[in-house]
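Coordinates in review
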Amino acid sequence: TGAPVQRKMLPEMLLVCNALMNDLNHPNEYVRGSMLRFLCKVKDEEILGPLVPSIKACLDHRHPYVRKNAALAVFHAHRLYGESL
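These remarks concern the structure in this document.

Cut-off values and rules
- Residues numbered from 1 in each chain as written.
- Predicted model: local features only at pLDDT ≥ 70, side-chain atom pairs only at ≥ 80, totals over all residues.
- Heavy atoms only, no water.
- Core = buried A, V, L, I, M, F, W, Y, C linked by side-chain atoms within 4.5 Å.
- Buried < 20%, exposed > 50% of the residue type's maximum accessible area, 1.4 Å probe, protein only.
- Helix = DSSP H or I, 4+ residues; strand = E, 2+ residues; numbered from the N terminus.
- Contact = heavy atoms within 4.5 Å.
- Axes fitted to C-alpha atoms, helices over the stretch in contact; angles between N-to-C directions.
- Parallel < 35°, antiparallel > 145°, perpendicular 65-115°, else oblique.
- Left-handed = near helix turned anticlockwise from the far one by under 90°.
- Nonpolar A, V, L, I, M, F, W, Y, C, P; charged D, E, K, R; others polar.

**Examining the nonpolar core**
Generally speaking, nonpolar side chains in soluble globular proteins are found buried as a group. Ranked by internal contacts, the top residues of the largest apolar core, which has 18 residues, are Leu24, Leu36, Leu39, Leu51 and Ile55. Looking at this core, the elements that each hand over two or more residues are helix H1 (11-24), helix H2 (29-39), helix H3 (45-57) and helix H4 (64-81). Top contributing element to this core by residue count: H4, with 5 residues. If sequence neighbours within four positions are ignored, Leu39 has contacts with Leu20, Leu24, Leu48, Leu51, Ile55 and His76.

**Some details on the packing of H2 against H4**
Look at H2 against H4: their axes get within 8 Å of each other, and the N-to-C directions meet at 20 degrees. Judged by the inter-axis angle, H2 sits roughly parallel to H4. In terms of crossing hand, the pair formed by H2 and H4 is left-handed. On H4, the residues that touch Glu29, Tyr30, Arg32, Gly33, Ser34, Leu36, Arg37 and Leu39 of H2 are Tyr65, Val66, Lys68, Asn69, Ala70, Leu72, Ala73 and His76. Per-class residue counts for the contact of H2 with H4 are 8 nonpolar, 4 polar and 4 charged.

Structure follows, in structure tokens:
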């Protein structure tokens, strides 16, 4: 029960986050939806944090598959981190 450990994201993880962001903004709704489903499994706040604006933008997508999975991803992130994201 010590102080929380400060972690610094590796440069390689920035590339991974960029790839995730590209899929969240992909024109194909099934690529977006499957990425949102994948993000429901991610438990790292450093990865999810920068992606939250793109996840929220998917809530207004025209395709219901993307909206449903965006809602699930927002629920997952809120359940894990509450208002901190």
